[in-house]
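Next come the chains, spelled out residue by residue.
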Amino acid sequence: MRKNKRDELVQQAMETFYRNGFHATGMDMLVAESGISKTSMYKHFKSKDELILAALKLREEQFHNWSAQRVAELASEPRDQLLALFDVLDEWFKEDTFKSCMFIKASSEYPEPDHPIHQQTVEQRNAMYEGVLTLVEAAALKNPEALARQLLMLQEGAIITAHFGNSKDPAGEAKVAAKALIDAAS
């Protein structure tokens, strides 16, 4: 396979894992959906776990790039960008393809803390925390580490609430709470 074929395989695997879950998606399903032979697949990925890690990296890159661009389009000041994070979540939740968070799914299917897939989900969450912390610090808000953790918990709670579907506006409700926290830290 050429480099771009490998990328296509990772893209297809990411979509399949996101739609069906990780344990429920076997290599035979991936072979059938991608049209790549099992031999070719194993030339690039020694195991399903290795393919999952590649798919998670791609998802992190794509989602980060999209959400960072949308936040920048919606707001220019750090304080406003913190609130725009919730507007971006709302856009994501309203997509027809929304199937919860791929990283939450991966960490629940691979709960062992020393498993590489679980570790990658923790790294992704840490990167999200660092991004929120950077905005909190740029907005010169009090207790930046605690506030960043709280805002991230609101984001994660909104994602899980959207997943369960027991609120019509999980991102909007979380945004109201985030605004209260931000106002209190001003």
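Preceding this section is the structure that the text describes.
Summary of the structure given here.

Reading the values: rules and limits
- Residues numbered from 1 in each chain as written.
- Predicted model: local features only at pLDDT ≥ 70, side-chain atom pairs only at ≥ 80, totals over all residues.
- Heavy atoms only, no water.
- Helix = DSSP H or I, 4+ residues; strand = E, 2+ residues; numbered from the N terminus.
- Contact = heavy atoms within 4.5 Å.
- Polar contact = N/O pair within 3.5 Å; in protein donor to acceptor, adjacent residues only side chain to side chain.
- Core = buried A, V, L, I, M, F, W, Y, C linked by side-chain atoms within 4.5 Å.
- Buried < 20%, exposed > 50% of the residue type's maximum accessible area, 1.4 Å probe, protein only.
- Axes fitted to C-alpha atoms, helices over the stretch in contact; angles between N-to-C directions.
- Left-handed = near helix turned anticlockwise from the far one by under 90°.
- 1 Å grid on protein atoms, 1.4 Å probe; cavity = no way out; pocket = protein on both sides within 12 Å on 5 of 7 lines; lining within 4 Å.
- Points joined across faces, edges and corners; volume = space filled by probe spheres on them.
- Nonpolar A, V, L, I, M, F, W, Y, C, P; charged D, E, K, R; others polar.

1. Looking at the environment of Arg-70
If you trace the backbone, Arg-70 turns up in helix α4 (residues 48-74). Each C-alpha atom of the pair Arg-70 and Gln-81 lies 9.7 Å from the other, and the pair is eleven residues apart in sequence. Look past the residues within four positions of Arg-70 in its chain and what remains in contact with it is Val-88 and Glu-91. Polar contacts involving the side chain of Arg-70 include one to the side chain of Glu-73, which spans 2.4 Å.

2. Some points on the nonpolar core
Formed by 56 residues in total, the largest nonpolar core has its most connected members in Phe-17, Leu-51, Leu-82 and Phe-93. Counting residues per element, the ones that place at least two in this core are α1 (3-20), α2 (27-34), α4, α5 (78-93), α6 (102-109), α7 (116-138), α8 (144-164) and α9 (170-184). Counting residues per element, this core draws most heavily on α5, at nine residues. Every residue in contact with Phe-93, bar those within four places of it in the chain, is listed here: Phe-98, Ala-158, Ile-159, Ala-162, Pro-170 and Ala-171.

3. With respect to the packing of α6 against α7
Where α6 meets α7, the axes come as close as 8 Å, and the angle between the chain directions of the two elements is 145°. In terms of crossing hand, the pair formed by α6 and α7 is left-handed. Here Phe-103, Ala-106 and Ser-107 of α6 lie close against α7, whose contacting residues are Ile-117, His-118, Thr-121 and Gln-124.

4. Focus on the layout of surface pockets
The volume enclosed by the largest pocket comes to roughly 760 Å³. Looking at the largest pocket, it is lined by 32 residues, and the ones nearest its centre are Phe-63, His-64, Ser-67, Gln-124 and Met-128. Broken down by secondary-structure element, the contributors of at least two residues to the lining of the largest pocket are α4, α5, α6, α7 and α8. Class assignment for the residues of the lining of the largest pocket results in 18 nonpolar, ten polar and four charged.

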